[in-house]
Amino acid sequence: MAGNIKKLVLGFILLGAIGIAPRFLGIISLNMAVELAIGALFAVSLNLLLSYTGLLSFGHALFFGMGAYVMGISITYMDGITLIPAILMGSLAAGLTALIFTPLLVRVTGTAFSMLTMAFGQLMYVLCIKMRGITGGEDGLTLFDMPLLSVPGVFSLDMTDPATLYYTVMGVVLISIGCMWYFTKTPLGGVQAGIRDNAQRVEYLGFHVSASKAVIFIISGTFAGLAGCLAAIFQQVISVDGFLRINVSFMPIMAIMIGGLGHFLGPVIGTIFLMFLNQMAMRYTDKVELVFGIVFIMVVMYAPYGIHGLWVKARIYWGIFRHRKGALGKEERT
Amino acid sequence: MKVLNVKGYLFVLTLLMMGLIFCNNCIAFQPLAGDIETFNPSFQYFDEDADDVIKIGLLWPFSGPAAANGAIYWLQIGWAVHDINTQGGVMVDGKQKKIVLIKGDTQMEPAAAKRAAEKLCLQDNVDIIMGSTGSHIAAIGQNVAAKYKKIFVNMASYSDTLMDQDKFNKYTFRTCSTTSMLANGLAHFYANRPEKDFYILCQDYAYGHEFAENFVQALAQVRPDARIVGKDFHPLFVKDFAPYLSKIQGANAQVIITADYTPDSNNLTKQWDQLGMTIPLAGPFVLNPLALQSIGEPYGKGFVTVQSCLLDLDKPGNKEFALAWNTQWKRWKDPLYSTNLFQWTGSTLAQATIGTYWLMHVIEKAGELNPDKIVATWEGDQTIIFGNLYSMRACDHQAMFNMHVSEIEWPNDYYEKSAGPIKVTAIPAEKIVPPPPKGLKNCQ
Amino acid sequence: MNPATAMYIIQALHGLAYGMLLFLVASGLTLIFGMVGILNMAHASLFMLSAYLCYQVLAFTNSFWMSLFLAPLITACLGLLLERFFLRKVQAHGLGHIAELLLTMGISMVIAESVKSIWGTESLVISIPPSLDGLASFAGIHYPIYRLFIIGLSFCILALLVTVLYKTKLGKIIRATASDPGMVSILGINTPKVFAGVFALGAWMAGVAGVAAAPMLTVFPGLADQVGMDAFVVVVVGGLGSLLGAFVVSLTLGELNSFGVQFIPKLAPVLVFGFMAIVLSLKPNGFFGEGDH
Amino acid sequence: MILEAQNLHVYYGLSHVLQGVDLSLEEGETLCLMGRNGMGKSTTLKALAGVIKPKHGKVTLKGRDITGKQPHQIARAGMGYVPEERRVFPNLTVIDNLTMGAKPPAGDGKNQVLWDVERVFRHFPRLAERCNNKGANLSGGEQQMLAIARALMGNPDVLLVDEPSEGLAPIMVLEVRDILAEINKSGVSVLLVDHNLEMAMSLAHKVCLMGKGRTGYFDTAEALQKHPEILAKYLEV
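Bear in mind that the values here come from a model prediction, so they are computed numbers and not experimental data.

## As for the overall build of chain B
Step number 1: In terms of regular secondary structure, chain B is built from 13 helices and 17 strands.
Step number 2: Taking 444 residues into account, the globule formula puts the C-alpha radius of gyration at 22 Å, and chain B, at 21 Å, falls close to it.
Step number 3: In terms of its C-alpha atoms, chain B occupies a principal-axis envelope of roughly 65 × 45 × 45 Å.
Step number 4: For chain B, buried positions account for 66% of its 444 residues.
Step number 5: Look at the contacts in chain B between residues 6 or more apart in sequence, and 70% of them connect residues 24 or more apart.
Step number 6: Carbon and sulfur atoms form 53% of the exposed surface of chain B, whose accessible area is close to 15700 Å².

Here you go:
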């Protein structure tokens, strides 16, 4: 109970900090926070799949890009559309793509699943380049005339203003992550961990493994699509390199690994760490890839459960240390 | 009239000289007049904290897979900046100001590019941004720059649509050519040549298609009897060009028109040689010293290259620059810059240098760093650098200059051991520059 | 000869040359996967490194044959070290494929960046050795000798590999280890040593491919990604761990590529990934894949 | 004493599976380990073969301490192990399955007749018939024979056999029993785990009964047959 209150207080402090941040941060830091939040949402959506069903997707950029492209295309070709329907269309399109692929995907596991997702991701990448007429090819779509995020007569927000963008993205990301967290606590969400550990047992419990996998795959895809929409709004350019390349799929995997596999908020920590690392590396050297490579190797070798794992370990050691100290203290007293 | 006439050049040159005599303050620097011997591309030092400097942000990939590209522009712009700095700098606000270059690493990724551009604008507080390879990156760069009212000088992105009515903003200038200028230049070159069967082999993306379309259109106008015997678009970074080349051989083409750049162009040249082909390649990037060196004698003799600033060693200004560059190159030890690729300047390797000199001339003419003043000064500005005339079209901010086409010669007296362009044909700007986009309001 | 027939023959040869080169890279990758269950993302980097080493050895000794001997040897040693000091330790964590994936990706980044620092970012000049330069002519067809050499070399290595795997006791041990390493260990065989050996063998083959490719392709820091993706597709479509699958799919991709260019150039880039997506949709473990790893 | 285990403790994660197993096998004997399901019989064999590491305890083979050694080291020291699942290599032919693990006996092997393919085929005529078939194409009984034969090719001094009769037709059980008897007669000590009481009793010189991760009753087979109530206590559900 005390732990819960502590967490609640911590949450409120964090929320407050996010709320007042624009007063203290410059545009650069604000934009970095936006980028971070989008990256975190994308990584959490992938983590939903990875940590809770043990399915590693190598082609999650497919959904990220699908969301962005559908949103971008609807803005470019549909006159007078506002942002909210465009975003909805983007996310739903990503979810729909996931739905279309589910019959193929749910029947495979392990490496085959990773390979199949990668194949579709790459296929989408190539197709987007080929369909130059709609997607703009390598140059992509530019959204320099961003429509307003508005409900007519209620409110209207300008997404080119950094602070407004910041609040909007933060709000959407927090709500989305909250939704996903809530999902993991529902009975169906609980089953996902079961699928990862022992698919057969889940079948015995009366849940259909394939259907459960399909549901989580679609949810994960939809939120990845939403992250893509936000990224497109932020960057104002939707290009294959920025949204569909294989690196885009790898980044959230890295974030999950670094943050800590199997922990819901691990990817958020991982995204923050990667962002920070990128900034530091850029400041001091041109060899950003070298720094990243070495960090990945170190993480896998010495902290296989990422930052969260290190934290747990540290707590255990701290516990042992305190226990010993306490014992010592008692001895002294007696 | 194929070559711009010499009298015209002399006239403008005289005017310029007279201007120098009468107005000492107007132009404080001259290209190549500085202490270029102390220039070292690997260790360019800029005193960023000094007061009264002109800060220029470079928006290029300096890390990641495309880092080589950033290095090329870092060298070119650094050259001009070093030259100007050692002459005391640029006369602005009544003071001689030195130039400081600040890297903004795009990593060739849109997200990183946006971050880098914003950092340049807001944190480093640069006065001007130069960029950028990759038209999607350049689009982001010019958009961010316009948002914070910074001049953006596009020196490396050729896409015609980058300055169309949707993307144009008044703070962006393009000093390099567009894809259609390159293609038109090449087509005009073939107007009076015997070859008439062409095969087009381009990269399968916007740039390649744009080039091919423009070439075909221009060729149809200047050479109605020419035939396009085949057209292929290959994906970026092809491993093996052999299937394409064998197909071309079967099509009985006389020239292969290709807009490919490295590494595709290198690979193409290499495998062209391995298959024992004799049909010459023609395009903007076929003059790559590394690729030509690797195929051995006769080093791609007969290839045709088209470039905005192909240096003509018969021309005084050009020759000076080329020789100064070559002398310097012999001293560069860093593997980044010591390869044959950098042995001679010209073609892609001179474009940004010239653009930098031009920009500095404009700043000096404007006399202040206020972006609106610079915009007003640059629009319609004309200048001569290394003997070539450059003018800025006011309505869409596209640089206008002659396009240069040449056959590659070997052996030759000028380029030590390597192949090079000898008799350069200048295609006059008015023939090749596309009409300005109609939607822009100044263009009507 | 009839030009059409000549075209078919030449395009088939082009496909064979590239397909066999691809097979050299992919077979090492699939061998390692079949044995150790690791999808080695650094494999293509070893291939690239070997191409660069070929350049360096050429610069020192001016002998292509020397570099064909030395460069693969160095990459094999490097592979051995990677297995011994990195992968084996990570496998002991028991985190499964994702950890190995991240590790090998990290290694590939380090290799790529080291290559850039040592040899620069521009493409290197590696000419075809004089003894293999020029065209061979038969029945009115002219074909580059070097490409024929690549085809021959690849077949030699394929023959060597098949002999070792199917005719020697070592081969039996390797194949048995691929299916059940625990049981092999129970029979008194030091499986970690077998793993290391196979890893080194795979790296060696990547090395040979690197040297063979160096004069034919462009040696630049993106070479790993360029060929790596194709090799990856081959391994996945052919069935992870299946040598036969790698062979069949390499040749299929090679021929698909050259005849695709000849007849349906517009679809050529989509072809590879479309092929992969379709095959995997129908057979998730690839053409010749055996169960799930 | 050719094989001896003292106070073995094994954990699977947090569950304490073996809680003190003591065993001893005399040279040339067959010892049968019996008990109900889940009492740790297979685990004991695995711990002896080195497939899992005991947390406490000591195992000696021919007087040498082999505790905590790698499986291949233990095999080289003279231990043969036929796992419950047989684990025949499916992609190798019968003959390849046999030859890949063949090795000379540990030590000097002075009073042993060497096992080679010929001798194995004499004992297992069924395998000789199918010598070029893939492991995956064998029937259950043939796989069991192959697994035993494969272990013999390593010329072990001690053979651990886990549930050889499981899932076999009665006629095959008899065949397997005869083979095990022959093997034992040829000088190999056998440690057998099996549910088939009849077969176990006909083979075993000694019997060890296990309950809840511990060894309990340990005596000769004849002695046990006089006390059916003990057998009932350990074996009946």
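## Comments concerning the pattern of salt bridges
Step number 1: If you walk through the whole model with that rule in mind, you get 30 salt bridges over all chains.
Step number 2: The closest approach of N and O atoms between B:Asp232 and B:Lys247, which form a salt bridge, is 3.2 Å. Of the two residues, B:Asp232 sits in strand β8 (residues 227-234) while B:Lys247 sits in helix α7 (residues 242-250), which places them 15 residues apart along the sequence.
Step number 3: On the accessibility criterion, B:Lys247 (14% relative accessible area) is buried.
Step number 4: The partner of C:Lys172 in a salt bridge is D:Asp96, and the shortest N-O contact between them spans 3.5 Å.

## Remarks on the domain arrangement of chain B
Residues and elements named next belong to chain B.
Step number 1: Each domain of chain B was delimited in the assignment, giving domain 1 (36-177 + 345-401) and domain 2 (180-307 + 403-432).
Step number 2: Opposite the 13 residues of domain 1 that make contact, domain 2 presents 12 residues.
Step number 3: When domain 1 packs against domain 2, the two sides together hide about 990 Å² of surface, and 59% of this comes from carbon and sulfur.
Step number 4: Where domain 1 touches domain 2, the interface holds 0 salt bridges.
Step number 5: Listed by contribution, the elements that provide at least two residues to the side of domain 1 that touches domain 2 are α11 (348-366) and β14 (399-400).
Step number 6: For the side of domain 1 that touches domain 2, the per-class residue count stands at 4 nonpolar, 8 polar and 1 charged.

## Some details on the interface of chain A and chain C
Step number 1: Counting residues at the interface gives 38 residues for chain A and 41 residues for chain C.
Step number 2: Contact with chain C buries surface across chain A, with A:Thr111, A:Glu289 and A:Met301 losing the most and accounting together for 16% of the total.
Step number 3: Along the contact surface separating chain A from chain C lie 1 salt bridge.
Step number 4: Put simply, A:Glu289 and C:Lys116 hold a salt bridge, and the shortest N to O gap is 3.4 Å.
Step number 5: At the junction of chain A with chain C, the criterion picks out 1 residue pair in polar contact (both at pLDDT 80 or more).
Step number 6: Secondary structure elements with two or more residues in the side of chain A that touches chain C: α5 (110-130), α12 (246-259) and α14 (288-302) of chain A.
Step number 7: By residue number, the principal contributor to the side of chain A that touches chain C is α5(A), which donates 13 residues.
Step number 8: Broken down by class, the residue content of the side of chain A that touches chain C amounts to 29 nonpolar, 5 polar and 4 charged.

## Considering helix α4 (residues 135-147) of chain B
All names here are of chain B.
Step number 1: Relative to the 18 Å expected for 13 residues at 1.5 Å per residue, α4 spans 18 Å between its end C-alpha atoms, a close match to the ideal helical length.
Step number 2: Counting buried residues in α4 gives 12 out of 13 residues, a clear majority hidden from the surface.
Step number 3: Among the residues of α4, those classed as buried are Ser135, His136, Ile137, Ala138, Ala139, Ile140, Gly141, Gln142, Asn143, Val144, Ala145 and Ala146.
Step number 4: A positive phi of about 55° marks Lys149, the residue just after α4.

## Things to note about the sheet that holds strand β9 (residues 206-211) of chain D
Residue and element names in this part refer to chain D.
Step number 1: Strand order across the open sheet formed by 6 strands is β6-β7-β8-β3-β9-β10, with mixed pairing between neighbours. Looking at strand neighbours, the two that pair on one side only are β6 (79-82) and β10 (214-220), the edges of this open sheet. Between one strand and the next, the sheet's axes are offset by a mean angle of 15°, whatever the strand orientation.
Step number 2: Across the sheet, helix α6 (residues 140-152) lies against β6 and β7 (158-162), angled at about 170° from β6, the strand it touches most.

## Considering the confidence of the model for chain B
Step number 1: Averaged over every residue, the pLDDT of chain B is 87; the share at 70 or more is 94%.
Step number 2: The complex prediction reports pTM at 0.87, with the ipTM value standing at 0.84.

## Considerations on the packing of aromatic side chains
Step number 1: Tallying each qualifying case throughout the model produces 49 aromatic pairs over all chains.
Step number 2: Ring centres of A:Phe42 and A:Phe64 lie 4.4 Å apart, and the angle between their planes is 20°; on these two criteria the pair is classed as stacked. Taken together, the positions of A:Phe42 in helix α2 (residues 27-53) and A:Phe64 in helix α3 (residues 61-77) put the pair 22 residues apart, joining distant regions of the chain.
Step number 3: Summarising the aromatic geometry, the rings of B:Phe321 and B:Phe386 are spaced 4.1 Å apart at their centres and angled 10° between planes, so their arrangement reads as stacked.

## With respect to the sheet that holds strand β13 (residues 388-392) of chain B
Residues and elements named next belong to chain B.
Step number 1: Across the sheet, 3 strands lie side by side as β12-β13-β14; this open sheet has antiparallel pairing. Each edge of the open sheet is held by one strand with a lone partner, namely β12 (382-385) and β14.
Step number 2: Where β12 meets β13, 4 bridges bridge the pair, whose relative direction is antiparallel. In the sheet register, Thr383 faces β13, and the bridge partner there is Tyr390.

## What about the interface of chain D and chain C?
Step number 1: Listed per partner, the contact involves 20 residues of chain D and 16 residues of chain C.
Step number 2: Taken together, the links from chain D to chain C amount to 3 salt bridges.
Step number 3: Between chain D and chain C we count 6 residue pairs in polar contact (both at pLDDT 80 or more) in total.
Step number 4: At the level of elements, α2 (71-76) and α3 (94-100) of chain D are the ones that each hand at least two residues to the side of chain D that touches chain C.
Step number 5: Ranked by residue count, the leading element in the side of chain D that touches chain C is α2(D), at 4 residues.

## Some points on the pairing of β8(B)
All names here are of chain B.
Step number 1: Bridge count for strand β7 (residues 197-203) against β8 is 7 bridges, and the pairing is parallel. Within the sheet, the bridge partner assigned to Gln203 lies in β8 and is His234.
Step number 2: In this fold, the crossover linking β7 to β8 by way of helix α6 (residues 206-222) has right-handed handedness.

## Side note on a nonpolar patch on the surface
All names here are of chain A.
Step number 1: A cluster of nonpolar side chains, namely Trp311, Val312, Ile316, Tyr317 and Ile320, defines an oily patch on the protein surface of about 520 Å² accessible area.
Step number 2: Checked against the element boundaries, Tyr317 lands in helix α15 (residues 306-333).
Step number 3: When its relative accessible area of 56% is taken as the criterion, Tyr317 is described as exposed.

## With respect to the packing of helix α1 (residues 3-36) of chain C against helix α8 (residues 191-213) of chain C
All names here are of chain C.
Step number 1: One can describe the packing of α1 onto α8 by two numbers: an axis separation of 8 Å at closest approach and a directional angle of 165°. Put simply, α1 runs roughly antiparallel to α8. Viewed along their axes, α1 and α8 form a crossing whose handedness is left-handed. Listed contacts from α8 to Leu21, Leu24, Val25, Ser27, Gly28, Leu31, Ile32, Met35 and Val36 of α1 are Val194, Phe195, Val198, Phe199, Leu201, Gly202, Met205, Ala206, Val208, Ala209, Ala212 and Ala213.
Step number 2: Here the contact of α1 with α8 is composed, by residue class, of 18 nonpolar, 3 polar and no charged.

What counts, and where the lines are drawn
Residues numbered from 1 in each chain as written. Chains lettered and ligands numbered in written order. Predicted model: local features only at pLDDT ≥ 70, side-chain atom pairs only at ≥ 80, totals over all residues. Heavy atoms only, no water. Helix = DSSP H or I, 4+ residues; strand = E, 2+ residues; numbered from the N terminus. Rg over C-alpha atoms; globule rule 2.2 N^0.38 Å. Buried < 20%, exposed > 50% of the residue type's maximum accessible area, 1.4 Å probe, protein only. Contact = heavy atoms within 4.5 Å. Areas by Shrake-Rupley, 256 points an atom, 1.4 Å probe, with all protein chains shown as cover. Salt bridge = Lys/Arg side-chain N within 4 Å of Asp/Glu carboxyl O. Domains from an automatic or database assignment. Buried area = accessible area lost by both parts, 1.4 Å probe. Nonpolar A, V, L, I, M, F, W, Y, C, P; charged D, E, K, R; others polar. Polar contact = N/O pair within 3.5 Å; in protein donor to acceptor, adjacent residues only side chain to side chain. Expected span 1.5 Å × (residues − 1). Pairing = 2+ DSSP bridges. Axes fitted to C-alpha atoms, helices over the stretch in contact; angles between N-to-C directions. pLDDT = per-residue confidence, 0-100. Phe/Tyr/Trp six-rings, centres within 6.5 Å; stacked < 30°, edge-to-face > 60°. Right-handed = clockwise from strand over helix to strand, strands pointing away. Patch = residues over 30% accessible without salt bridge, like charges linked within 9 Å, V, L, I, M, F, W, Y side chains within 5 Å. Parallel < 35°, antiparallel > 145°, perpendicular 65-115°, else oblique. Left-handed = near helix turned anticlockwise from the far one by under 90°.

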